[in-house]
Amino acid sequence: MRLGFLFFLWLCVAAFGQEDAAVASSTGSAFRDTVFIKQIYRDTVYIQPAPIIDTIYVNDSKRIPNNSPETRDSSMAITSNEQAAVSRYIPKNDSSLHKNSFILQVDAISLLVSTLDHPAVDIALEIPFTLKHSLLLGFAYAKKYPDSTGYSDTFNSIYSGDISQITFGFAYRYCFRPTAATKFIEFGTHYVQRKSNYDNSWDNTNYINDRPHSEHKIHHGAQAFAHFGLLRRGDRMGLALLGGLAYNYVPTFNDEILKGHGFYITRGIQLDTKINVSVGIL
């Protein structure tokens, strides 16, 4: 009797436990939580910088051997002597040179001649288009006097007065490299105005006078020239050593009086040697 009662009580407890579990399952009373997932969107943006363009000139005849100190790892320090050796082989990066809008050039030799002998001025205004190409507007003035010592065979002591000349025109200059130190050539043409203002003291005498007679005239002509030179330029100042030939064509002028003259005012071929000091403007 007692055993049957205990069995019945166990069945009741089991039945109530199953009911509670079913209710809990249907009502969703199980433990729950909210998980937030942060989404990160990633992408790669490529920014293309403006290309840096420069010109490096390499002299193959002076190439550095592969086993030289200059080819060592970049993390190793380079001594000052080694750096000087590198600079002998790698030309200076001169592409950052400031290009002036105008460059005024003055010939130092003509100024020296003016102080020592005959007046002479030779100037030019350079208009550079690039570091290799430029246009020059030139002006020159020169005057010669009778000189019984310097030109005893021609324009000598029997003459009094002077011969003066003005030239102006343009030229094209080409620099072989757009660097601070470079070679260049230039060629151009000038208008020539030559003024003869001299007297032959043997005129109207009984002397045999086969030399050019007295003359007071203005003659017109042209000049063509070509020069080769070496140029060293900075951002503002520059120095050029150049030489070449010019040809003066003045058809109405009696060239005999200038026989033997080779500079500034000549009968034809003219030797040009200049030391141009230049200053950048604007």
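Cut-offs used in this document
- Residues numbered from 1 in each chain as written.
- Predicted model: local features only at pLDDT ≥ 70, side-chain atom pairs only at ≥ 80, totals over all residues.
- Heavy atoms only, no water.
- Patch = residues over 30% accessible without salt bridge, like charges linked within 9 Å, V, L, I, M, F, W, Y side chains within 5 Å.
- Areas by Shrake-Rupley, 256 points an atom, 1.4 Å probe, with all protein chains shown as cover.
- Salt bridge = Lys/Arg side-chain N within 4 Å of Asp/Glu carboxyl O.
- Helix = DSSP H or I, 4+ residues; strand = E, 2+ residues; numbered from the N terminus.
- Pairing = 2+ DSSP bridges.
- Axes fitted to C-alpha atoms, helices over the stretch in contact; angles between N-to-C directions.
- Contact = heavy atoms within 4.5 Å.
- Buried < 20%, exposed > 50% of the residue type's maximum accessible area, 1.4 Å probe, protein only.
- Lys, Arg positive; Asp, Glu negative; His and termini not counted.
- Polar contact = N/O pair within 3.5 Å; in protein donor to acceptor, adjacent residues only side chain to side chain.
- Phe/Tyr/Trp six-rings, centres within 6.5 Å; stacked < 30°, edge-to-face > 60°.
- Lys NZ or Arg CZ within 6 Å of the ring centre and 35° of its normal.
- Core = buried A, V, L, I, M, F, W, Y, C linked by side-chain atoms within 4.5 Å.
- pLDDT = per-residue confidence, 0-100.

Q: Can you walk me through a nonpolar patch on the surface in this structure?
A: Nonpolar side chains collect at one region of the surface, where M237, L239, L241, I275, V277 and V279 lie side by side and expose about 490 Å² of accessible area between them. Sorting the residues of the nonpolar patch by element identifies β7 (237-249) and β8 (269-281) as the ones contributing at least two each. Considering the arrangement of structural elements, one finds L239 in strand β7.

Q: Where do I start with the sheet that holds strand β1 (residues 102-107) in this structure?
A: The pairing of strands in a sheet comes from backbone hydrogen bonds and takes either a parallel or an antiparallel form. With antiparallel pairing, the eight strands of this closed barrel are ordered in space as β1-β2-β3-β4-β5-β6-β7-β8. Neighbour-to-neighbour, the strand axes of the sheet open up by a mean angle of 25 degrees, direction not taken into account. Note: strand β4 (residues 159-175) against strand β5 (residues 181-200), 17 bridges, orientation antiparallel. In the strand pairing of β5, S164 is matched with K195. Strand contacts of helix α3 (residues 108-116): β1, β2 (120-128) and β8, with the helix running at about 40 degrees to β1, the strand carrying the most contacts.

Q: Would you explain the pairing of β4 in this entry?
A: On a regular strand, each side chain points to the face opposite its neighbour's, so the side chains alternate between the two faces of the sheet. Inspection of the sheet shows strand β3 (residues 133-144) paired to β4 by 12 bridges, in the antiparallel sense. By the bridge assignment, S134 is partnered in β4 with R173. Where β4 folds back on β5, the antiparallel hairpin that results is connected by five residues.

Q: Which parts of the structure should I look at to understand the side chain of E215?
A: Along the chain, the position of E215 falls in strand β6 (residues 215-233). Here E215 occupies a buried position and makes no salt bridge, while the nearest side chain of opposite charge, K217, is found at 4.7 Å. A distance of 2.6 Å separates the side chain of E215 from the side chain of S196, its partner in a polar contact. Residue contacts for E215: discarding those within four places in its chain leaves S196, N197, Y198 and F253.

Q: What should I look at first to understand the packing of aromatic side chains in this one?
A: By convention here, two paired aromatic rings are described through the distance between centres and the angle between planes. Within this structure, the stated rule accounts for five aromatic pairs. Seen from their ring centres, Y174 and F176 are 5.5 Å apart, and the 80 degrees between their planes marks the pair as edge-to-face. According to the relative accessible area criterion, Y174 is partly exposed, its value standing at 21%. A relative accessible area of 39% places F176 in the partly exposed class. In this structure, R194 is placed above the aromatic ring of F253, and the distance from its NZ or CZ to the ring centre is 4.9 Å.

Q: Sorry, what's going on with the pairing of β7 here?
A: Sheet analysis places β6 next to β7, joined by 12 bridges and oriented antiparallel. Bridge pairing links L231 to A240 in β7. In sequence, β6 turns back onto β7 through a hairpin of three residues. In terms of strand pairing, β7 meets β8 through 11 bridges, oriented antiparallel. Following the sheet pairing, L242 is matched in β8 by K274.

Q: Even after reading the chapter, I still don't get the nonpolar core, so can you show me in this structure?
A: It is characteristic of soluble globular proteins that their nonpolar side chains tend to be buried jointly. Membership of the largest hydrophobic core is limited to 12 residues, which are A120, A142, I158, Y159, I163, V192, Y198, V250, F253, I257, L258 and I265. Mapped onto this core, the elements with two or more residues apiece are β4 and β5. Ignoring sequence-local partners within four residues, the contact set of V192 consists of Q165, I166, T167, H219, H220, G221, A222, Q223, N248 and V250.

Q: Can you help me understand the pattern of salt bridges in this one?
A: Pairs can form between side chains of opposite charge once their charged atoms are near each other. Scanning the model with the defined rule gives five salt bridges in all. A salt bridge links D122 to K274; the shortest N-O distance between them is 3.0 Å. One end of the pair, D122, is in strand β2; the other, K274, is in strand β8, with 152 residues separating them in the sequence. Both residues of the pair, D122 and K274, belong to the buried class. Here R173 makes a salt bridge to E126, at a shortest N to O gap of 3.7 Å. Of this pair, R173 sits in strand β4 while E126 sits in strand β2, and the two are 47 residues apart along the sequence.

Q: What is the right way to read the confidence of the model for the chain from this model?
A: Atom-level detail of predicted coordinates should not be read off regions where pLDDT is low. Within the chain, residue pLDDT values average 79, and 69% of them lie at 70 or more. Within the model, the stretch residues 85-93 combines pLDDT values under 50 with six contacts to residues more than four positions away or in other chains.

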